[in-house]
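The primary structure of each chain is shown beneath.
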Amino acid sequence: MQLIFMGPPGAGKGTQAQLLATLWKIPHISTGDILRACVVAKTTLGQKAQAYMDAGDLVPDQLLMDIVQERMNQPDATAGWILDGFPRTVPQAAFFDTLLCDVGGGKSGKDCDLRAVNLDVPDNILVTRLLSRGRQDDNEQTIRRRLQVYREQTEPLIEFYRDRQQLVAVDGDRSMEEVTAQLQQALSVDS
Ligand SMILES: Nc1ncnc2c1ncn2[C@@H]1O[C@H](COP(=O)(O)OP(=O)(O)OP(=O)(O)O)[C@@H](O)[C@H]1O
Ligand SMILES: Nc1ncnc2c1ncn2[C@@H]1O[C@H](COP(=O)(O)O)[C@@H](O)[C@H]1O
């Protein structure tokens, strides 16, 4: 199963991806988690990324492409994965198609079983959820910026995947259990 989880900050991507990846025994690959680990470890990458993350801006595409390329080449990523937080820009999505072609024996993202799940949640609910999550980038100013960046740079990917008939739209403004059930149904997996 090759899944991309999309949606605005606070939509529940990480929550659902973690749960379903455990259930389906495939890796949950969160670029945000990878970057936060690099910040904590004070790696060169973490030092480059921190200011962007604290401001609610996207980290430059090239850094993300390097991270994802390395991660997708690890042995546990051969049988499938849930990718959470990537791609987030049109250049990232184009890069990902090429990468899938390289690691997937010549089948590009367009031709493989990739599905892009979009979790839709209204802004007022997102802000409430994020303020109560209380991560370092969950203050009011950064949340507003992340939502703006999402609308400008990431939301266009919904049409990108819809045009390719790979989009699965799910209402994320439900309880966690209801969202999980919707996802299982939409992706036709019972367990
Ligand atoms: N269906 C839900 N109902 C209520 N709260 C939820 C739901 N799903 C997730 N949450 C809570 O909302 C917060 C944000 O969820 P989560 O971290 O999964 O979002 P995300 O889309 O991964 O966000 P980000 O892109 O900012 O990392 C968390 O505190 C989580 O517990
Ligand atoms: N795909 C990405 N492109 C650019 N920047 C990214 C990407 N994924 C994560 N980031 C940065 O990390 C924070 C937190 O990510 P979450 O997915 O919300 O945990 C994000 O605001 C970007 O600065």
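Only a predicted model underlies this, so the values are computations on that prediction, with no experimental measurement involved.

Considerations on unusual backbone geometry
- Residue Pro-87 is bonded to the preceding Phe-86 through a cis peptide linkage, with omega at -5 degrees.
- Of note, Lys-42 is a non-glycine position whose phi angle comes to about 55 degrees, a positive value.
- For Lys-42, the location among the structural elements is in the loop between helix 2 (31-40) and helix 3 (44-55).
- Of the residues examined, Lys-42 reaches a relative accessible area of 63% and is grouped as exposed.
- Even without being a glycine, Gln-165 presents a positive backbone phi close to 60 degrees.
- For Gln-165, the location among the structural elements is in the loop between helix 8 (156-163) and strand 5 (167-171).
- Taking the relative accessible area as the measure of exposure, Gln-165 reaches 74% and is therefore exposed.

With respect to the site of ligand 1
- For ligand 1, the set of nearby residues contains 16 residues, the closest of which are Lys-13, Thr-15, Arg-133, Arg-146 and Arg-174.
- Within the contact set of ligand 1, a nitrogen atom lies 3.4 Å away from a side-chain nitrogen or oxygen of Arg-129.
- Arg-133 places a polar side-chain atom, nitrogen or oxygen, 2.7 Å from an oxygen atom of ligand 1.
- Placement of ligand 1 is best described as lying within the largest pocket.
- Secondary structure elements with two or more residues in the shell around ligand 1: helix 1 (13-24) and helix 6 (123-133).
- Per-element tally for the shell around ligand 1: the top contributor is helix 1, with 3 residues.

A look at the pattern of salt bridges
- Scanning the entire structure with this criterion turns up 12 salt bridges.
- Note that Arg-164 and Asp-97 form a salt bridge whose closest N and O atoms lie 2.7 Å from each other. Linking Arg-164 in the loop between helix 8 and strand 5 with Asp-97 in helix 5 (residues 90-103), this pair joins segments that are 67 residues apart in sequence.
- In this structure Arg-164 comes out as buried when scored by relative accessible area, which is 17%.
- One continuous salt-bridge network, built from bridges that share partners, spans Arg-133, Arg-135, Asp-137, Asp-138 and Arg-146.

Notes on the UniProt feature "binding site: ATP" (unreviewed entry) in the protein chain
- Within this structure's numbering, the places UniProt gives as "binding site: ATP" (unreviewed entry) are Gly-10, Ala-11, Gly-12, Lys-13, Gly-14, Thr-15, Arg-133 and Arg-174. Lining residues of the largest pocket drawn from the annotated list: Gly-10, Ala-11, Gly-12, Lys-13, Gly-14, Thr-15, Arg-133 and Arg-174.
- By the element assignment, Gly-10 lies in the loop between strand 1 (2-6) and helix 1.
- Among residues more than four places away in sequence, those in contact with Gly-10 are Leu-126, Arg-129 and Leu-130.
- Inspection of the secondary structure assignment puts Lys-13 in helix 1.
- Look at Lys-13 and you get buried, because its relative accessible area is 12%.
- Leaving out residues up to four positions away in the same chain, Lys-13 has contacts with Phe-5, Met-6, Gly-7, Pro-8, Asp-84 and Leu-119.

Rules and cut-offs
- Residues numbered from 1 in each chain as written.
- Chains lettered and ligands numbered in written order.
- Predicted model: local features only at pLDDT ≥ 70, side-chain atom pairs only at ≥ 80, totals over all residues.
- Heavy atoms only, no water.
- Helix = DSSP H or I, 4+ residues; strand = E, 2+ residues; numbered from the N terminus.
- Buried < 20%, exposed > 50% of the residue type's maximum accessible area, 1.4 Å probe, protein only.
- Near = heavy atom within 4 Å.
- Polar contact = N/O pair within 3.5 Å; in protein donor to acceptor, adjacent residues only side chain to side chain.
- 1 Å grid on protein atoms, 1.4 Å probe; cavity = no way out; pocket = protein on both sides within 12 Å on 5 of 7 lines; lining within 4 Å.
- Sits in = over half its atoms within 2 Å of the grid points.
- Salt bridge = Lys/Arg side-chain N within 4 Å of Asp/Glu carboxyl O.
- UniProt positions renumbered as here; feature names shortened; annotations may be inferred.
- Contact = heavy atoms within 4.5 Å.

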